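Architecture and fold: a report
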Amino acid sequence: MNTPQTLLSRFFHHQQFRPSQLPIIESVVAGKDTLAILPTGGGKSICFQIPALLLEGVCIVVSPLIALMNDQVARLQEKKIAAAALHSGQSREEMEEILQEAEAGELKFLYVSPERITTEIFLDALAQMKVCLLAIDEAHCVSQWGYDFRPAYLRIAELRKHLPGVPLIALTASATPTVREDIVHQLKMKQPERFINSFYRSNLRYRLKKADATDGTLVELLKKSSGSAIVYCSSRKQTHHIAQWLQLHRISAAPYHAGLTQEERNQHQEDWIQDRVRVMAATNAFGMGIDKPNVRLVIHLSAPECLEHYYQEAGRAGRDEQPADAILIVLPNQVKRLQELADQKFPDVESIKKIYGDLAGFFQLPAGSGEGQSFDFDLALFCSRFHHQPIRVMNVLELLEKEGHFRYQSSIYRPAQLVFTIDRSTLRSLEELYPAYANLLQTLLRTYPGILDYKVNIYEEQIARLSGMPSATVRQQLKKIAELELVNYRAAIDTPQIQYLYNRAPAADLYIDLDRYFARKKAFNERLQAMIHYISNEQTCRSKKLQVYFGETTATDCGHCDVCTSRLKKPVDNGFEQRVKKIQSLLQTPQTIEWLMTHFSEEEKSWALETLHLLLQEQRIVQNNEGLLYNR
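All values reported here derive from a predicted model rather than from experimental measurement.

1. Comments concerning unusual backbone geometry
Positioned with a positive phi, Ser20 is a non-glycine residue whose angle comes to about 80°. Structurally, the position occupied by Ser20 is in the loop between helix 1 (4-12) and helix 2 (21-29). Positioned with a positive phi, Arg250 is a non-glycine residue whose angle comes to about 60°. Here Arg250 shows up in the loop between helix 10 (236-248) and strand 10 (253-256).

Shown next, in the form of structure tokens:
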């Protein structure tokens, strides 16, 4: 008889559950809606995978990232558990085949992107499925007050109407109390069981390192430590620079970002996981779904825009519960850069409409058309042709996505597909007629069963390895045999794409919910201020500060972050009330933080920022949509 314990041992090779996992599993199996807030590395996937294995039917998992879905499907398939993913990177034929398997009861897990859950093809198939559980991964995406709100997640409530009596589990690694309540509301959860693990990581030492430049500081930190490391960079270009810089200093490193090919990303990730490469220099595209236990060091070369991002990324260190370090390098202009982010991330409405209209010109898409259509998007070419700054375009794309106008994928990988248009007997004679392609043709037949009868996914690098030919030669020959009409061949795609969810409106008529737009800007500003306060903090334990941010009321000092270890060396501050009076007197009229700080000496500024943040938290001082501070 299967039990949670036997399944844990059989499929996941663990002998005991982590805190809260078993009660969460029991709640789901009992048919209750369940909210699970488990910190990074807390084993969220087991909390819905084991219940699904105990229940009869398919588990539908809504997940926001194609790469994350594919990774989890691959892991389940390795365990001989039937799983598949349904997302925008697939053809209609591929989706129909997967849905037929789900209808026939041949799948235990069906991962679905939020854009797919209310499409006609999915809902028609859903009516024929026996569904045992609905799991919502990265559930913070459903909250408009969260750091990664995605309008498509709001459709999940509609999906629930088609699944009466089916329990729902919502999971995320980081959600403030406000976001948690919004998750419950938006998903229409019925008297949910709530499991919120502590955000305290006893083995993780949070440190802040002030520096004038990153390169030398980074090498120094890595040479003082040992073991696997992640270095989070602010741009794709910086990942390559850092990887090369570390290699020059005899520290093995590789870059990782969404602009690399799928094969390059897979190879660099595998080299790092297998400890052939010590350091992964990565953008925040790296880390989701990665469960490498022995990461000893996570370094941020610049501060993320919110504490949720920082907590998740830093939390990839020390998952084996052995001591590990999370270090944030702070450059002199760091706070100023963060303060400017709100206006960058939320540009004026006219700029949004201008870029929206220019996109239509770029794709040659007339008004009133485009619903469901996808377009390859070359950011550099678009910016050059229409004279836009790349960062502004990226921010507008993100906002238009959150307003529900289209879906932007920074990289959609679709493997090459091929099917022969001739039968085996004809193929033999053609091998004599075209001997230069005989090696390729035989490799295809040996490697991909069924390729004579239906389209299959093929991988050019795999073919190159098995045939002994260079990759470039394989691609050239595949194109040539397609031109000879021996095969139908579609090359692999790994490029940014924009998919219009509705027909394109004239730019002047583009609808933007301004109330929601400015409310989100305000929420974003509040998260920025929390990040700024974390950087400026020299008084409160860093671990405690993170715990309090996520709503813990019993947080205690960790004793080993940089603030705790330096506390004995710092004088006690007795000037709090004097600073409160000074700040309030300076804010008789609305002012910026930068202006306010000019009235404090360099020695006073960190204390002044600490005081300011406390006043903002207590709402004795407020900040308007323009970022100006004033007395309440």
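That covers the picture; the talk isn't over yet.
2. A word on the sheet that holds strand 11 (residues 279-282)
Within the open sheet, the six strands sit side by side as 8-13-12-9-11-10. Their pairing is parallel. Strand pairing shows two members of the sheet lacking a second neighbour, strand 8 (204-210) and strand 10, which therefore form its edges. Looking at each pair of strands side by side, their axes are set apart by 20° on average, direction ignored. In this sheet, strand 13 (residues 324-330) lies alongside strand 12 (residues 295-300) in parallel orientation, the contact comprising four bridges. In the strand pairing of strand 13, Leu297 is matched with Asp325.

3. Some words on the side chain of Glu305
Mapped onto the elements of the fold, Glu305 is located in the loop between strand 12 and helix 12 (307-314). Accessibility expressed as a relative area gives 18% for Glu305, which makes it buried. Ignoring sequence-local partners within four residues, the contact set of Glu305 consists of Leu338, Leu341, Lys345, Phe524, Arg527, Leu528 and Met531.

4. A look at the packing of aromatic side chains
Summed over the entire model, instances satisfying the criterion amount to 23 aromatic pairs. With centroids separated by 6.4 Å and ring planes inclined at 90°, the aromatic side chains of Phe363 and Tyr500 adopt a geometry described as edge-to-face. In this pair, Phe363 sits in helix 15 (residues 349-363) while Tyr500 sits in strand 19 (residues 493-500), placing the two residues 137 residues apart along the sequence. Here the two residues Phe363 and Tyr500 agree in accessibility, since each one is buried. Among the aromatic residues, ring-to-ring pairing joins Phe362, Phe363, Phe375, Phe377, Phe382, Phe386, Phe406, Tyr408 and Tyr500 into one connected group.

Rules used in this analysis
Residues numbered from 1 in each chain as written. Predicted model: local features only at pLDDT ≥ 70, side-chain atom pairs only at ≥ 80, totals over all residues. Heavy atoms only, no water. Helix = DSSP H or I, 4+ residues; strand = E, 2+ residues; numbered from the N terminus. Pairing = 2+ DSSP bridges. Axes fitted to C-alpha atoms, helices over the stretch in contact; angles between N-to-C directions. Buried < 20%, exposed > 50% of the residue type's maximum accessible area, 1.4 Å probe, protein only. Contact = heavy atoms within 4.5 Å. Phe/Tyr/Trp six-rings, centres within 6.5 Å; stacked < 30°, edge-to-face > 60°.

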